[in-house]
Amino acid sequence: MKGLWLISLFVLALLLPIVVLAGGQGGFDGVVNSIESKYHARATKIPFLGVISLISRKATGGGVSNLHVATFEHFSGPVDGDELNRMVEEKLGQGWERIIRETRKKGNEQTVIFMRSEGEKMGLFVVDLDGQELDVVEVSVSPDHLNESLKHYSHSREDDSKDESD
Amino acid sequence: MKHRIIALLLGAAVLAAPVLAQTSQLPAPSPLEKELAARASNVTEVTLGKNMLGFASKFMDGKDKDQATAKQLIDGLDGIYVRSYEFDKEGEYSPEQAEQLRKYFETGEWTPMVHEHSRKSGENSDVMVKMVNGENRGILVFETEPKELTIVLILGPIHMSDLGKLKGIAGLGDLGDIEKNSDGKEKKDKKDGAQ
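Cut-offs used in this document
Residues numbered from 1 in each chain as written. Chains lettered and ligands numbered in written order. Predicted model: local features only at pLDDT ≥ 70, side-chain atom pairs only at ≥ 80, totals over all residues. Heavy atoms only, no water. Helix = DSSP H or I, 4+ residues; strand = E, 2+ residues; numbered from the N terminus. Buried < 20%, exposed > 50% of the residue type's maximum accessible area, 1.4 Å probe, protein only. Contact = heavy atoms within 4.5 Å. pLDDT = per-residue confidence, 0-100. Buried area = accessible area lost by both parts, 1.4 Å probe. Salt bridge = Lys/Arg side-chain N within 4 Å of Asp/Glu carboxyl O. Polar contact = N/O pair within 3.5 Å; in protein donor to acceptor, adjacent residues only side chain to side chain. Nonpolar A, V, L, I, M, F, W, Y, C, P; charged D, E, K, R; others polar. Pairing = 2+ DSSP bridges. Arc of directions from axis to C-beta. Phe/Tyr/Trp six-rings, centres within 6.5 Å; stacked < 30°, edge-to-face > 60°. Lys NZ or Arg CZ within 6 Å of the ring centre and 35° of its normal.

### Some thoughts on the overall build of chain A
The secondary structure content of chain A amounts to five helices and five strands. Mapped from its N terminus to its C terminus, chain A presents α and β elements in the order α-α-α-β-α-β-β-β-β-α. Residues classed as buried in chain A amount to 36% of the 166 residues present. For chain A, long-range pairs separated by at least 24 residues make up 54% of all intrachain contacts whose partners lie at least 6 apart in sequence.

Here's what the structure looks like:
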């Protein structure tokens, strides 16, 4: 019986990487991995992004959270806007709706923005190609909290300019 | 018992019909759009359903007068659908394709309001409104130029004079120009002579 368990675990361990490599992973990582494999590019890792995400969450009172960023520098090769859009759509899965797509200069500039409702928050997923740089950003935004933070910021800026004029 | 259930279901359907009629959904993209997007050098597509518009309106400051008006307007809308294709040279799309696309969106419920045609520049503008029970429930703008094709569809209670208020939303900056065009007071710079 113990042998049977061990064999099952062994088979499972062998299958798991195959499923992942076959594109089973979705969400932000799924999109980044797909871009990497499709365009033979490697995303630049941004150090301490988890810490940055935490700080932005605290600083905005929960207005901005779940920050994910991947940057592809020296991105070469033509990008078919339709193909990129389809790939992102497939990897993001259900719940996400594409709200904006812009293509400029025959494929050298591509922007796709997806949005989804996350309760009180709004999830935003942006893929932006500008010349040789491609950025993938995912962020959750709480409009109410963010508005409060922005108001606070604009008030303090107004106060500063008043002080300066005095 | 079976008859009672059917009667209840029919009753519910009758009651729900006016509610459903008041909110309309954005159409599915036309099959032609893919073809046009593949040929165009610049493509802009904006699709905002009611839920997404609801979120967008939350970013507007209700205390600011202009933003409060836009917020109120957006809250009432059912959807915004914009497609803009710019081509490098003329003849990348045929008049038949433009007509096919126009017919796809222009169903029986749309009433033509403005039709503008310039033989000299080859520009055509059509503005249609959707009337439900005497109320304006949508605007459809269809513009063709030799190297450009634009469709703007806004569903919900909206008037031409409101279009400029939506230009703050990403990708909808040109709506302010459409509003001016409909008044006949001001035209886009690039449309000189199209009056």
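### Quick notes on the confidence of the model for chain B
Residues and elements named next belong to chain B. Scored by pLDDT, chain B comes out at a mean of 76, with 71% of its residues at no less than 70. The low-confidence segment residues 8-22, where pLDDT is below 50, has two contacts with residues more than four positions distant or belonging to other chains. What the predictor reports for the complex is a pTM of 0.73 with an ipTM of 0.71.

### Some thoughts on the interface of chain A and chain B
A common measure of how large an interface is: the accessible area buried when the components associate. Facing 23 residues of chain A, the contacting portion of chain B comprises 18 residues. Across the interface of chain A and chain B, roughly 1,900 Å² is buried in total on both sides, 53% from carbon and sulfur atoms. Our count for the contact surface shared by chain A and chain B stands at two salt bridges. A salt bridge links A:Arg98 to B:Glu45; the nearest nitrogen and oxygen atoms lie 2.5 Å apart. Between chain A and chain B we count six residue pairs in polar contact (both at pLDDT 80 or more) in total. At the level of elements, strand 2 (97-104), strand 3 (109-118), strand 4 (121-130) and helix 5 (143-165) of chain A are the ones that each hand at least two residues to the side of chain A that touches chain B. The element that contributes the greatest number of residues to the side of chain A that touches chain B is strand 2 of chain A, accounting for eight residues. Counted by class, the side of chain A that touches chain B contains seven nonpolar, four polar and 12 charged residues. Pairing geometry for strand 2 of chain A and strand 1 (residues 42-49) of chain B, over four bridges, is antiparallel. Bridge pairing links A:Ile100 to B:Val46 in strand 1 of chain B.

### Quick notes on helix 3 (residues 49-59) of chain A
Residues and elements named next belong to chain A. Among all positions in helix 3, only Leu 49, Ser 53 and Ser 56 are buried. Taken end-on, helix 3 shows its buried residues confined to a sector of 65°, consistent with a single buried face. Exposed residues lying more than 90 degrees from the buried face of helix 3 are Gly 50, Leu 54, Ile 55, Lys 58 and Ala 59. In this structure, the buried residues of helix 3 make contact with strand 1 (64-72). Positive backbone phi, at 60°, marks Gly 61, one or two positions downstream of helix 3.

### Description of the pattern of salt bridges
Opposite charge on two side chains makes pairing possible when the charged atoms of those side chains draw close. Inspection of the entire model under this criterion finds 16 salt bridges over all chains. A salt bridge links A:Arg42 to A:Glu36, with the shortest nitrogen-to-oxygen separation between them at 3.7 Å. Judged by its relative accessible area of 65%, A:Arg42 falls in the exposed class. Look at A:Glu36 and you get buried, because its relative accessible area is 13%. Taken together, the shared-partner salt bridges in this structure form one network comprising A:Asp82, A:Arg98, A:Arg101 and B:Glu45.

### Some remarks on helix 5 (residues 95-105) of chain B
Residue and element names in this part refer to chain B. Taken together, the buried positions of helix 5 are occupied by Gln 97, Ala 98, Leu 101, Arg 102 and Phe 105. Seen along its axis, helix 5 keeps its buried residues to an arc of 135°; they face one direction. Seen from the open side of helix 5, the exposed residues pointing more than 90 degrees away from its buried face are Pro 95, Glu 96, Gln 100 and Lys 103. On its buried face, helix 5 is in contact with helix 2 (31-39), strand 2 (79-86), strand 3 (110-118), strand 4 (123-132), strand 5 (135-145) and strand 6 (148-155).

### Some details on the packing of aromatic side chains
Within this structure, the stated rule accounts for seven aromatic pairs over all chains. Measuring from ring centre to ring centre gives 5.2 Å for B:Tyr104 and B:Phe105, while their planes differ by 80°; the resulting arrangement is edge-to-face. Residue classification places B:Phe105 among the buried residues on the basis of a relative accessible area of 4%. Three or more aromatic residues joined by ring pairs form one cluster here, namely A:Phe28, A:Trp96 and A:Phe125. The positively charged end of B:Arg83 is found above the aromatic ring belonging to B:Tyr81, 4.0 Å away from the centroid.

### Notes on the pairing of strand 1 of chain B
Residue and element names in this part refer to chain B. The element strand 1 is largely enclosed, with a buried count of eight among its eight residues. Residues Asn 42, Thr 44, Val 46 and Leu 48 point to one face of strand 1 and Val 43, Glu 45, Thr 47 and Gly 49 to the other, with burial holding for every one of them. Where strand 1 and strand 2 come together, eight bridges link them in antiparallel fashion. By the bridge assignment, Val 46 is partnered in strand 2 with Val 82.

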